[in-house]
Amino acid sequence: MFPQQVEELLKQGKNLSIIDVRGAEEVAHGKIPSARHIPLGQLESRLNEIEKDKEHIIVCRSGNRSGMACEFLASQGYDVVNMMGGMLEWTGEIE
């Protein structure tokens, strides 16, 4: 899924689960407004915060770390999609 598709779904009022796996210093510069911040290194210890019965869009700066997060979460039985291009390609609102 590409950033423009995620932005369009948000504009349509879709209730998306977006998980930002960047570091705290990166997120401090802005994140997608509805995104939850769970750094990549904390994913395993915070699995209990991620619902298994919904799809999650995983975001990082460029798409690499979110790709690794997707592989890990999928191996744990989660339904995940990588936001290709990451925040570098994001043109929507940030908070």
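Criteria and cut-off values
- Residues numbered from 1 in each chain as written.
- Predicted model: local features only at pLDDT ≥ 70, side-chain atom pairs only at ≥ 80, totals over all residues.
- Heavy atoms only, no water.
- Helix = DSSP H or I, 4+ residues; strand = E, 2+ residues; numbered from the N terminus.
- Rg over C-alpha atoms; globule rule 2.2 N^0.38 Å.
- Contact = heavy atoms within 4.5 Å.
- Lys, Arg positive; Asp, Glu negative; His and termini not counted.
- Charge placed at Lys NZ, Arg CZ, Asp CG, Glu CD.
- Core = buried A, V, L, I, M, F, W, Y, C linked by side-chain atoms within 4.5 Å.
- Buried < 20%, exposed > 50% of the residue type's maximum accessible area, 1.4 Å probe, protein only.
- Phe/Tyr/Trp six-rings, centres within 6.5 Å; stacked < 30°, edge-to-face > 60°.
- Lys NZ or Arg CZ within 6 Å of the ring centre and 35° of its normal.
- Pairing = 2+ DSSP bridges.
- Expected span 1.5 Å × (residues − 1).
- Arc of directions from axis to C-beta.

## Considering the overall build of the chain
A tally of regular secondary structure across the chain gives three helices and four strands. Secondary structure elements of the chain occur, N-terminal to C-terminal, as α-β-α-β-β-α-β. In terms of C-alpha radius of gyration, the chain reaches 12 Å, essentially the compact-globule figure of 12 Å for 95 residues. Each of the three principal axes of the chain carries a C-alpha extent, and together these read 30 × 30 × 20 Å. Sequence-distant contacts in the chain: of pairs separated by 6 or more residues, those separated by 24 or more amount to 59%. Of note, the chain has its 10 positive side-chain charges centred 2 Å away from the centre of its 15 negative side-chain charges.

## Here's the deal with the nonpolar core
Val-21, Leu-43, Ile-50, Ile-58 and Leu-73 are the most contacted members of the largest nonpolar core, which totals 13 residues. Per-element tally for this core: the top contributor is helix α3 (residues 64-75), with three residues. Ignoring sequence-local partners within four residues, the contact set of Ile-58 consists of Ile-19, Val-21, Ser-66, Ala-69, Cys-70, Leu-73, Val-80, Val-81, Asn-82 and Met-83. Core analysis: the next-biggest nonpolar cluster, separate from the first, contains 10 residues, Leu-16, Ala-35, Ile-57 and Met-83 among them.

## Looking at the packing of aromatic side chains
In the structure shown here, the tally under the stated rule is zero aromatic pairs. It is Lys-52 that lies over the ring of Tyr-78; its NZ or CZ is 5.0 Å from the centre.

## Thoughts on the environment of Met-1
Within the secondary structure, Met-1 sits in the segment before α1 (3-11). Residues in contact with Met-1, not counting those within four places in the same chain, are Val-6, Leu-9, Ile-57, Val-81, Asn-82, Met-83 and Met-84.

## Details of the sheet that holds strand β3 (residues 55-59)
Read across the sheet, four strands follow the order β2-β1-β3-β4 without closing on themselves; strand pairing throughout is parallel. What marks the edges here is a single partner per strand, and that holds for β2 (36-37) and β4 (79-82). In terms of strand pairing, strand β1 (residues 17-20) meets β3 through four bridges, oriented parallel. Directly across from Ile-19, in β3, lies its bridge partner Ile-58.

## Structural notes on α3
Over its 12 residues, α3 runs 17 Å from end to end, which matches the ideal 16 Å to within 8%, given 1.5 Å per residue. Of the residues making up α3, those classed as buried are Ser-66, Gly-67, Ala-69, Cys-70 and Leu-73. End-on view of α3: buried residues confined to an arc of 160 degrees, all on one side of the axis. Seen from the open side of α3, the exposed residues pointing more than 90 degrees away from its buried face are Asn-64, Glu-71 and Ser-75. Here the buried face of α3 lies against β3 and β4. Count one or two residues on from α3 and you reach Gly-77, which has phi positive near 95 degrees.

## Observations concerning the environment of Asn-64
Its location among the elements puts Asn-64 in helix α3. When its relative accessible area of 58% is taken as the criterion, Asn-64 is described as exposed. As for Asn-64 and Gly-23, which are separated by 41 residues in sequence, their C-alpha atoms are 13 Å apart.

These results come straight from atomic positions and should not be treated as a statement about function.
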